[in-house]
Amino acid sequence: MNTMTIDIPLRITVSLGTPTTPAASAEVTVLQPPLQPSSAPLETAADVEMERITARDYRNRTGYSPDFLEANVPVPLPILTDAQRSNAAKNNQTAPQADDTVLPYHHFSIVMNRSRQLAYYTVVNIDGERIRNVPRSRDKWAYDPRIAESEQIGEDLYARNALDRGHLVRRRDPVWGAESEARNANADTFHFTNCSPQHERFNQNSETWLGIEDYLLNTAVSERKRLSVFTGPVFDEEDPLYRGVRLPLRFWKIAVHVKADGSLAVSAYLLEQQSVLGDLQALARFNARVFQVTVEEISQRTALDFSYLSSFQVDLNTGTGLERAGAFPRRRVAELTDIVL
């Protein structure tokens, strides 16, 4: 048998049969052009941590702490309806007496809507005094093995379109504490359970989703304070269907912190991307809107019971820009300085 190699710049190796043997199948090896050095960084400690994400023992995850802000001012998880609890993905590694609808991670927790394959909500503890700068490695998203893969949206949805894998718990928010603790929290945010499809211009826009996240984290860091932040999509039967998945048109956040006088302060936000998703290839119709809203409006839209936070919410009736959504007051956030904390 003779072998011939041609460099053209692709390398094609062809093995040819001899006259005395049956013709062999040609073996073709195609070498892709080399990556530029800047797009192939050296492996970092964060990369190594990410490689281990699916092989870890999840029993060491303590998750969100309701007593994180102050020992005498707990902020519990919202109450699910009976229908939501029945539809929630069940954690197959739940500790005795623990709620099997809750998936605990390092410094945050998630409850999954198994029929929509997305989170009902996420909630994270942020320690602004102990935040660490863990560099972002090459993103490697993983299924959470504690629930079925069919209850999580995977990589196929995000191929060849303008959808981002939008972190619900922002990558930087739980990254605090000892170095190993912070790296583990960083890696934990790259589970598909913590991911929701968001148009790239919505997810990366400094005046919308990213802008609100930056504002909350920067406030925690600059004032060296602690925050607890709830986040999730709004599920609607009219959400557009794409590749077998209904894409949420709205997302919400509720941020809780302790004021100087020791009382709680609660602010809520609604972010809309409905004008974005008409054509995922074209990117032409982007007009995301951000509102500061009431806890009651979030509860009505999500059916999650946050009534225990209502008495602590900031007064939206101050300043200008007050609007109404049915019975609920809201303020349009045109700039981040419009936010009331």
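What counts as what
- Residues numbered from 1 in each chain as written.
- Predicted model: local features only at pLDDT ≥ 70, side-chain atom pairs only at ≥ 80, totals over all residues.
- Heavy atoms only, no water.
- Helix = DSSP H or I, 4+ residues; strand = E, 2+ residues; numbered from the N terminus.
- Buried < 20%, exposed > 50% of the residue type's maximum accessible area, 1.4 Å probe, protein only.
- Contact = heavy atoms within 4.5 Å.
- Areas by Shrake-Rupley, 256 points an atom, 1.4 Å probe, with all protein chains shown as cover.
- 1 Å grid on protein atoms, 1.4 Å probe; cavity = no way out; pocket = protein on both sides within 12 Å on 5 of 7 lines; lining within 4 Å.
- Points joined across faces, edges and corners; volume = space filled by probe spheres on them.
- Nonpolar A, V, L, I, M, F, W, Y, C, P; charged D, E, K, R; others polar.
- pLDDT = per-residue confidence, 0-100.
- Core = buried A, V, L, I, M, F, W, Y, C linked by side-chain atoms within 4.5 Å.
- Salt bridge = Lys/Arg side-chain N within 4 Å of Asp/Glu carboxyl O.
- Phe/Tyr/Trp six-rings, centres within 6.5 Å; stacked < 30°, edge-to-face > 60°.
- Pairing = 2+ DSSP bridges.
- Axes fitted to C-alpha atoms, helices over the stretch in contact; angles between N-to-C directions.

## Considerations on the overall build of the protein
- On a plain count of helices and strands, the protein comes out with 6 helices and 15 strands.
- For the protein, the residues scored as buried account for 49% of the 341 residues in total.
- At a minimum sequence separation of 6, the contacts of the protein that also span at least 24 residues come to 68%.
- As presented, the protein carries roughly 16,700 Å² of accessible surface, and 50% of it is formed by carbon and sulfur atoms.

## Details of empty space enclosed by the protein
- What the rule picks out here adds up to 1 cavity of 30 Å³ or more.
- Of the volumes computed, that of the largest cavity is approximately 40 Å³.
- As for the largest cavity, its lining consists of Ile126, Asp173, Glu213, Leu216, Leu217, Val229 and Lys253.
- Grouping the amino acids of the lining of the largest cavity by side-chain chemistry returns 4 nonpolar, no polar and 3 charged.

## Brief notes about the confidence of the model for the protein
- On average, the protein scores 79 in pLDDT, and the residues at 70 or more come to 74%.
- Contacts for the low-pLDDT stretch residues 3-43, under 50 throughout, to residues beyond four places or in other chains number 40 contacts.
- Predicted confidence for residues 281-286 stays below pLDDT 50, and this span has 16 contacts to residues more than four positions away or in other chains.

## Some details on the nonpolar core
- With 30 residues, the main nonpolar core has Tyr121, Phe230, Trp252, Ile254, Val256, Phe306 and Leu309 as its most contacted residues.
- Listed by contribution, the elements that provide at least two residues to this core are strand 5 (118-127), strand 8 (226-234), strand 11 (250-258), strand 12 (264-272), strand 13 (289-293) and helix 6 (295-302).
- Those residues in contact with leucine 309, other than ones at most four positions away along the chain, are Val75, Phe230, Ile254, Val256, Val266 and Val295.
- In terms of nonpolar packing, the next biggest core, distinct from the first, is built from 25 residues, Leu168, Ile212, Leu216 and Val333 among them.

## Here we look at the layout of surface pockets
- Each pocket or cavity is described by its volume, and for the second largest pocket that value is around 220 Å³.
- What lines the second largest pocket is simply Tyr58, Arg59, Arg61, Asn91, Gln93, Thr94, Ala95, Ala98, Asp99, Val102, Pro104 and Arg146.
- Residue classes in the lining of the second largest pocket are distributed as 5 nonpolar, 3 polar and 4 charged.

## Notes on the pattern of salt bridges
- In total, this model carries 12 salt bridges according to the counting rule given.
- Of the charged contacts in the structure, one is a salt bridge between glutamate 297 and arginine 330, with a shortest N-O distance of 2.6 Å. Here glutamate 297, found in helix 6, pairs with arginine 330, found in strand 15 (residues 328-332); they are 33 residues apart in sequence, far enough to count as distant. In this pair, the class of glutamate 297 matches that of arginine 330, namely buried.
- Through salt bridges that share partners, Asp127, Arg130 and Arg226 make up one connected network.

## Notes on the packing of aromatic side chains
- Under the counting rule described, the total for this entry stands at 10 aromatic pairs.
- Seen from their ring centres, phenylalanine 68 and tryptophan 176 are 5.5 Å apart, and the 35° between their planes marks the pair as tilted. With a gap of 108 residues between them, phenylalanine 68 in the loop between helix 1 (45-51) and helix 2 (82-87) and tryptophan 176 in the loop between strand 6 (163-167) and helix 3 (179-188) connect regions that are remote in the sequence. Accessibility classification places phenylalanine 68 together with tryptophan 176 in one group, the buried group.
- Ring centres of tyrosine 120 and phenylalanine 235 lie 6.1 Å apart, and the angle between their planes is 85°; this geometry places the pair in the edge-to-face category. Residue tyrosine 120 is found in strand 5, and its partner phenylalanine 235 is found in the loop between strand 8 and strand 9 (241-242); the two are separated by 115 residues along the sequence.
- Overall, the relative accessible area of 21% leaves phenylalanine 235 in the partly exposed class.

## Some details on helix 3
- Among the 10 residues that make up helix 3, 7 are buried, leaving the element largely enclosed by the rest of the structure.
- Looking at helix 3, one finds that the buried residues are Ala182, Arg183, Asn184, Ala185, Asn186, Ala187 and Asp188.

## Here's the deal with the sheet that holds strand 11
- A sheet is described by the order of its strands in space; here 9 strands give the open sequence 3-4-5-8-11-12-13-15-14, paired in antiparallel fashion. Every other strand in the sheet has two partners, leaving strand 3 (102-104) and strand 14 (322-325) as the edge strands with one partner each. Between one strand axis and the next, the sheet turns by 25° as a mean value, whatever way the strands run.
- In the packing of helix 6 onto the sheet, the strands contacted are strand 8, strand 11, strand 12, strand 13, strand 14 and strand 15, and the crossing angle to strand 12 comes to about 50°.

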